Every structure is written in structure tokens, then in C-alpha cells.
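# Overview (structure and organization)
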Amino acid sequence: MKTFFLHLYFEIQSTLVVLREVFVNFSFELASTVYIKFKTGPSWNVHTKQLLSYPPDSLGYHLGCFLIQHKLEPQPRCEDHDVFHVLTGYRIDTAQEIAMQYWLWGNGKRSPFVVLAMLVGVILYVDQYSLFIIAIEAGHKASPIHDIDFKQNLYSPISLIKPISITSN
């Protein structure tokens, strides 16, 4: 009988984890759509295949590789977001995405989307607190990258940009 209840407990727990992921992904997609509508500034008008034509040691080429690896295209007016992934090394799963937002907060980026992601992390990802603490500390220790004009640095060697933003993840 104990085995039955233990099995039931784990089934419920794993179902809740899946539901959490579905809910958070849906919420982030909705928030991203709204965020893009209010985000100012021009689009980079660049596609993944174009980025792959940049020199192999450049930020643009590494961004292109990241986008190809994840089967993505740059999101207009939000291209910096993928650059943050490239520079910080955070993956695109939900917990890592939230951790990257903690890193950015520690690095000095202030936006409603960062705050929203951090709140989601605090409320729904209690099991990832240590990751978030490490991320915010790493972001604080790194030189600021949130205000770099990455579009103007796509041809720059990534080695000139990346060392200032190394993470501990």
C-alpha cells in the first residue's frame, strides 16, 4: 500500500512540474508578444543565414550558430535577447531563461520583463533558488553588457565581448 501512495505522489509531482512548464511557457509567450509591441528601436533586419556569413570568430557568427542550434530566427526588436544567451551561456529551458534574467538584473538591466521573470522564478521555481542566487551574483561581478550596441559589434571577435560576461552556470 505504501508503494502505491508513493507512486501516486511522484505521478502527481511530475504532472505538476509539466503543468508548471506549460503555464510558464504560455505566460512568457504572451508577455513577450506584449513586450515587443511596446519595445522601441529598430529591428536589426538580419536573418540567421546572414549571421553565418560573418567571420567564424565574430559575435554575429556565434549568434547565428546559436539560432541554428535552437531552430530560431531573430525576433524583431528583441535580437539582444539571443545575444545575452550567447554571451552568458544560459540555455533556453525555462529555469535557465529565468536564471539569465537574474544574471541580467545583477548586471544592471532594469526592465519590466526582467522583473516579471524574476517574480515567476521566486514563486514557481523554488527548486531553482540556488541557480538564481548564483546567476545574480555572477551578473553583479561581470562588466555591464546590457547597454552594449550588439548590432554594431556583430563583426567584433566574440573574445573581445564574452570574457566580460562569463557566468558560473
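Right, let's walk through the structure included here. As the structure is a prediction and not an experimental result, all values here were calculated from the model.

### So, the environment of G60
In this structure, G60 sits in helix α3 (residues 59-69). Taking the relative accessible area as the measure of exposure, G60 reaches 0% and is therefore buried. When near neighbours in sequence (up to four residues on either side) are disregarded, G60 contacts L51, Y54 and L154.

### Things to note about the packing of helix α5 (residues 94-106) against helix α7 (residues 129-141)
Contact geometry of α5 with α7 gives a least axis separation of 6 Å together with a crossing angle of 35°. As for the relative orientation of α5 and α7, their crossing is right-handed in sense. Between α5 and α7, the residues in contact are A95, Q96, I98, A99, Y102, W103, W105 and G106 and L131, F132, A135, I136, A138, G139 and H140, respectively. Taken together, the residues of the contact of α5 with α7 break down into 11 nonpolar, 4 polar and no charged.

### Examining the pattern of salt bridges
Opposite charge on two side chains lets them pair, provided their charged atoms get close. As enumerated under the stated definition, the model contains 3 salt bridges in all. Note that E21 is salt-bridged to R20, the shortest N-O span being 3.9 Å. E21 gets classed as partly exposed once you look at its relative accessible area, which sits at 23%. The salt bridge involving D127 is made with R20; its shortest N-O contact spans 3.0 Å. Pair noted here: D127 is in the loop between α6 (112-124) and α7 and R20 is in helix α1 (residues 2-38), with a separation of 107 residues, a long-range link. One network of salt bridges, with partners in common, ties together R20, E21 and D127.

Rules behind the numbers
- Residue positions within a chain follow its written sequence, with the count starting from 1.
- Local features are withheld for residues below a pLDDT of 70 in this predicted model, meaning they are given only at 70 or higher, and side-chain atom pairs are given and counted only at 80 or more; totals for whole chains, interfaces and linings count all residues.
- Water and hydrogen atoms play no part in the side-chain values, which are based on all heavy atoms of the structure.
- In DSSP terms, a helix is any run of H or I states spanning at least four residues, a strand is any run of E spanning at least two, and both are numbered starting from the N terminus.
- For every residue, the accessible area obtained with a 1.4 Å probe (protein chains only) is divided by the maximum for its type, and the residue is called buried under 20%, exposed over 50%, and partly exposed between those limits.
- What makes two residues a contact is simply this: any of their non-hydrogen atoms within 4.5 Å.
- Axis angles are defined between N-to-C directions and span 0 to 180 degrees, where every axis is a line fitted to C-alpha atoms and, for a helix, only to the segment in contact.
- Crossings are sorted by hand: turned counterclockwise from the far helix by less than a right angle, the near helix makes the crossing left-handed, and turned clockwise it makes it right-handed.
- Following the grouping adopted for this structure description, the nonpolar residues are Ala, Val, Leu, Ile, Met, Phe, Trp, Tyr, Cys and Pro, the charged ones are Asp, Glu, Lys and Arg, and the polar ones are all others, Gly among them.
- For this analysis, a salt bridge means a side-chain nitrogen from Lys or Arg found within 4 Å of a carboxyl oxygen belonging to Asp or Glu.

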